[in-house]
Amino acid sequence: MSATNPTRVGTSEVRLSYANIFEAKSIQGGKPKYSVSLIIPKPDTETLAKIERAIDAAIDAGIGKFGGKRLNKAALKLPLCDGDIERDDEAYAHAMFVNANSTTPPQVVGTDLQPILDAGEVYSGCYARVSISFYAFNTNGNRGIVCGLGNIQKLRDGEPLGGNRISAEADFGGFTTAAADFLH
C-alpha cells in the first residue's frame, strides 16, 4: 500500500466473515458501521508481518493518546487475534483475524476493479483482498489499537459461512398449488 502511511496495509487473500459491507449496522445502539472480520491463514506470514508493523506504527502515532508514553503491547487491546484461541469456529482454525469497521462505506470491486453493486456477490465466506488501517484509541480507560476498514476487492467465491445460502426456489420450488392450498 502507501509507503507514506505506515499504519495502512493491503492484505493478501483473506476470507471474509461477518460481512456487513453494503449496509451499516448499529451494534448495541452505537453509531451504524460497516464491518467485516478478516480471516488470515497463519501461513500468510507476509500479511501478518505487515499488520504487526502497522500496529506498531499506530502505537507510535498514538503516543499522544497514551499520555505521551509508548505503551507495551501487553498494556493495550490489540486488533490481531488468534482464531484457534479466541473463536470456537472451524472457519477460524489455523488462522489469525482482525475485525475492521468504518462509518463510511467501503468501495467493493471485482478483480477487474469494476464496482460490485449486488450485495449477494460479496458475502461471509468469499475471498478478498482488503485495505485496512490501524489507529490508537483511549476511551473510558480502555486503550488500544483498532482496525479501520478501507476498500475490498473480491478475488473468488468460497463456501458461505453462517448457514447455507439456499435460494427461495430450492426452499419452495417443490410446493405445488395443491400443496399450498392444503396448508390453508
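Let me sum up the structure you'll find in this document.

Rules used in this analysis
- Residues numbered from 1 in each chain as written.
- Predicted model: local features only at pLDDT ≥ 70, side-chain atom pairs only at ≥ 80, totals over all residues.
- Heavy atoms only, no water.
- Helix = DSSP H or I, 4+ residues; strand = E, 2+ residues; numbered from the N terminus.
- Buried < 20%, exposed > 50% of the residue type's maximum accessible area, 1.4 Å probe, protein only.
- Contact = heavy atoms within 4.5 Å.
- Areas by Shrake-Rupley, 256 points an atom, 1.4 Å probe, with all protein chains shown as cover.
- Salt bridge = Lys/Arg side-chain N within 4 Å of Asp/Glu carboxyl O.
- 1 Å grid on protein atoms, 1.4 Å probe; cavity = no way out; pocket = protein on both sides within 12 Å on 5 of 7 lines; lining within 4 Å.
- Points joined across faces, edges and corners; volume = space filled by probe spheres on them.
- Nonpolar A, V, L, I, M, F, W, Y, C, P; charged D, E, K, R; others polar.
- Phe/Tyr/Trp six-rings, centres within 6.5 Å; stacked < 30°, edge-to-face > 60°.
- Lys NZ or Arg CZ within 6 Å of the ring centre and 35° of its normal.
- Pairing = 2+ DSSP bridges.

Focus: the overall build of the protein chain
- Of the regular secondary structure elements, the protein chain holds four helices and eight strands.
- Ordered by position in the sequence, the α and β elements of the protein chain form the string β-β-β-α-β-α-β-β-β-β-α-α.
- Within the protein chain, the proportion of its 184 residues that are buried is 39%.
- Counting only contacts in the protein chain whose residues sit at least 6 apart along the sequence, the fraction spanning at least 24 positions is 67%.
- When the accessible surface of the protein chain is summed, it comes to about 10,900 Å², and 51% of that surface belongs to carbon and sulfur atoms.

What to know about the pattern of salt bridges
- According to the stated counting rule, one finds nine salt bridges in the structure shown.
- D56 is the salt-bridge partner of K73, the closest N and O atoms lying 3.0 Å from each other. Placement of K73 in the loop between α1 (45-61) and β4 (81-82) and of D56 in helix α1 is noted, with a sequence separation of 17 residues between them.
- Look at K73 and you get partly exposed, because its relative accessible area is 28%.
- A single network of salt bridges, built from pairs that share partners, joins E52, D56, D60, R70 and K73.

Details of the layout of surface pockets
- The space that makes up the largest pocket amounts to roughly 840 Å³.
- Lining the largest pocket are 27 residues, and of these K33, K77, N99, N101 and V146 sit closest to its centre.
- Every element with two or more residues in the lining of the largest pocket is listed here: β2 (14-25), β3 (33-41), β5 (95-102), β7 (127-139) and β8 (142-156).
- For the lining of the largest pocket, a count of residues per class yields 12 nonpolar, 10 polar and five charged.

Some details on the packing of aromatic side chains
- Inspection of the entire model under this criterion finds one aromatic pair.
- Each ring, one from Y92 and one from F97, has its centre 5.1 Å from the other, and the planes form 85°; the classification is edge-to-face.
- We note R87 situated over the ring of Y92; from NZ or CZ to the ring centre the distance is 4.6 Å.
- The ring of Y127 has R156 lying over it, and the distance from NZ or CZ to the ring centre is 3.9 Å.

Some words on the pairing of β3
- Most of β3 is tucked away: seven of the nine residues are buried.
- Bridge count for β2 against β3 is five bridges, and the pairing is antiparallel. Directly across from L16, in β3, lies its bridge partner L38.
- With eight bridges connecting them, β3 and β5 associate as antiparallel partners. Note that in β5 the partner of Y34 across the bridge is S102.

A short note on the environment of L113
- Structurally, the position occupied by L113 is in the loop between β6 (108-109) and β7.
- Judged by its relative accessible area of 58%, L113 falls in the exposed class.

A short note on unusual backbone geometry
- One non-glycine residue, L113, lies in positive phi territory at about 65°.
- Phi at N140 is positive, roughly 50°, even though this residue is not glycine.
- By secondary structure assignment, the location of N140 is in the loop between β7 and β8.
- We classify N140 as exposed; its relative accessible area is 78%.

Description of the pairing of β7
- Relative to β7, strand β1 (residues 8-10) runs antiparallel, the two sharing three bridges. What sits directly across from V9, in β7, is I132.
- Relative to β7, β2 is paired through two bridges, and the arrangement is antiparallel. Bridging from a neighbouring strand, V14 pairs with A128 of β7.
- Where β7 and β8 come together, 12 bridges link them in antiparallel fashion. Within the sheet, the bridge partner assigned to F137 lies in β8 and is G144.
- Hairpin connection of β7 to β8: two residues between the antiparallel strands, including N140 at a positive phi of 50°.

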